[in-house]
Amino acid sequence: MFARQKLYEGKAKIIYATDDPEILLAHFKDDATAFNAQKRGQIAGKGEMNCAISSHLFQHLESAGIATHWIDRPAPNELRVRSVQIIPLEVVVRNIAAGSLCQQTGLELGTVLPHPLVDFYYKNDALGDPLLTRDRLLLLQLATSEQVDQLQTLALQINQILSAFFQECNITLVDFKLEFGLANQGQLLLADEISPDTCRLWNQSETDPNLRILDKDRFRRDLGNIEAAYHEVMERVLAHAPQS
Ligand code: UDP
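Quick caveat: nothing in here was measured; it's all calculated off a predicted structure.

1. Brief notes about the nonpolar core
Counting 57 residues, the largest nonpolar core has Leu89, Ile158, Leu162, Phe166, Leu178, Phe180 and Ile194 as the members making the most contacts within it. It is helix α4 (residues 145-168) that provides the largest number of residues to this core, a total of nine residues. Each residue touching Ile158, except ones within four places of it in the same chain, is listed here: Leu61, Ile66, Phe176, Leu178, Phe180 and Leu190. Listed in part, the five residues of the second largest apolar core include Ile96, Ala98, Trp202 and Ile213.

Given below as structure tokens:
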């Protein structure tokens, strides 16, 4: 067995090359970071759980007609994915006010938004991932005007599909972050991961505002029972067939 060629190591994943230049391996780590990596820790079993959840959700999105980088899951904590050039944008979709939206607007936590909101952030750790306006995004040439429209439309479609899926799991999809990339033919693909690290997920069986949290806010806010929350999400997600 040859040592694998590591192409990139991020906060939560390692990307390896394969024999095929069009295919990469994404290895999910147990490492957890928050607040632009100022808070660091480990969540036992997170790599496998996030890999299983992401794999299932990508498969579900594919079956609903969304083009993603997902190919398959050859190991519990590894996804085979199509190689893409990541667009340096974090595309956040919000259904309910939480996190930075509350801090920046004064909206009360839990306010149901009249329609989903799409926010673009500059994926740039040195700058602290700032919120962008459309004009700033175009100024920095992070995407073309057509791509911004395409990203907005895709993000809203993905929100509809995922919100309906999580609803069946008795989970409210509060908000989530997406990343997109361009494959070598220029095709726009949904990339990265979709997991409790990148989504706010509230358990509909709980009314208590802290007990209902099933996502990385448990780590960010030291709420405890992090592994159990991620496990709960995984069990509910895997119990629903991706095609449903
Ligand atoms: N998010 C993420 N990575 C980031 C920033 C945000 O996955 O670098 C997710 C986060 O988990 C939440 C959504 O995007 O589901 C909106 O996050 P928000 O802007 O409220 O920032 P936060 O309050 O998490 O700092």
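There is more to say after this.
2. Focus: the site of the ligand
Near the ligand, the surroundings consist of 16 residues, among which Arg94, Ser100, Asp175, Arg200 and Arg220 are the closest. Separating an oxygen atom of the ligand from a side-chain N or O atom of Glu90 is a distance of 3.2 Å. Measuring from an oxygen atom of the ligand, one finds a side-chain N or O atom of Arg220 at 2.9 Å. Protein coverage of the free-state accessible area of the ligand, which is 500 Å², stands at 79%. Broken down by secondary-structure element, the contributors of at least two residues to the shell around the ligand are β9 (89-96), α2 (99-105), β11 (171-182) and β13 (199-203). A breakdown of the residues in the shell around the ligand according to their chemical character gives five nonpolar, three polar and eight charged.

3. Some words on the side chain of Lys13
Looking at where Lys13 falls in the secondary structure, it is placed in strand β2 (residues 13-17). One polar contact links Lys13 to Asp192, side chain to side chain, over a distance of 2.9 Å. Leaving out residues up to four positions away in the same chain, Lys13 has contacts with Tyr8, Ala26, His27, Phe28, Lys29, Asp192 and Glu193.

4. Here we look at the packing of helix α1 (residues 46-63) against α4
The interhelical angle for the contact between α1 and α4, taken along N-to-C directions, is 120°, at an axis separation of 11 Å. By the angle between their axes, α1 is oblique relative to α4. Considering only the axes of α1 and α4, their crossing is right-handed. Between α1 and α4, the contacting residues are His56, Leu57, His60 and Leu61 on the first element and Ile158, Ile161, Leu162, Phe165 and Phe166 on the second. Here the contact of α1 with α4 is composed, by residue class, of seven nonpolar, two polar and no charged.

5. Notes on unusual backbone geometry
Despite not being glycine, Asp129 shows a phi value in the positive range, around 50°. One non-glycine residue, Asn225, lies in positive phi territory at about 50°. By the element assignment, Asn225 lies in the loop between α5 (217-220) and α6 (226-238).

6. Details of the packing of α1 against α6
Relative orientation of the contacting elements α1 and α6 amounts to 30°, with a least axis distance of 10 Å. When the interaxial angle is binned, α1 and α6 end up roughly parallel. Here α1 and α6 pass one another in a crossing that is left-handed. In this structure, α1 contributes Lys46, Met49, Asn50, Ala52, Ile53, His56 and Leu57 to the contact, and α6 contributes Glu227, Tyr230, His231, Val233, Met234, Val237 and Leu238.

7. Structural notes on the pattern of salt bridges
Applying the stated criterion across every chain yields a total of 20 salt bridges. Linking Asp175 and Arg200 is a salt bridge whose minimum nitrogen-to-oxygen distance equals 2.9 Å. With a gap of 25 residues between them, Asp175 in strand β11 and Arg200 in strand β13 connect regions that are remote in the sequence. Asp175 sits in the buried class, given a relative accessible area of 4%. The class of Arg200 is buried, set by a relative accessible area of 13%. Ionic pairing is found between Asp192 and Lys177, a salt bridge with its closest N-O pair at 3.1 Å. One end of the pair, Asp192, is in the loop between β12 (188-191) and β13; the other, Lys177, is in strand β11, with 15 residues separating them in the sequence. Taken individually, Asp192 and Lys177 each receive the classification buried, so the pair is uniform in this respect. Among the charged side chains, a salt-bridge network with shared partners connects Lys13, Lys123, Lys177, Glu179, Asp192 and Glu193.

Here is what the cut-offs are and how they apply
Residues numbered from 1 in each chain as written. Predicted model: local features only at pLDDT ≥ 70, side-chain atom pairs only at ≥ 80, totals over all residues. Heavy atoms only, no water. Core = buried A, V, L, I, M, F, W, Y, C linked by side-chain atoms within 4.5 Å. Buried < 20%, exposed > 50% of the residue type's maximum accessible area, 1.4 Å probe, protein only. Helix = DSSP H or I, 4+ residues; strand = E, 2+ residues; numbered from the N terminus. Contact = heavy atoms within 4.5 Å. Near = heavy atom within 4 Å. Polar contact = N/O pair within 3.5 Å; in protein donor to acceptor, adjacent residues only side chain to side chain. Areas by Shrake-Rupley, 256 points an atom, 1.4 Å probe, with all protein chains shown as cover. Nonpolar A, V, L, I, M, F, W, Y, C, P; charged D, E, K, R; others polar. Axes fitted to C-alpha atoms, helices over the stretch in contact; angles between N-to-C directions. Parallel < 35°, antiparallel > 145°, perpendicular 65-115°, else oblique. Left-handed = near helix turned anticlockwise from the far one by under 90°. Salt bridge = Lys/Arg side-chain N within 4 Å of Asp/Glu carboxyl O.

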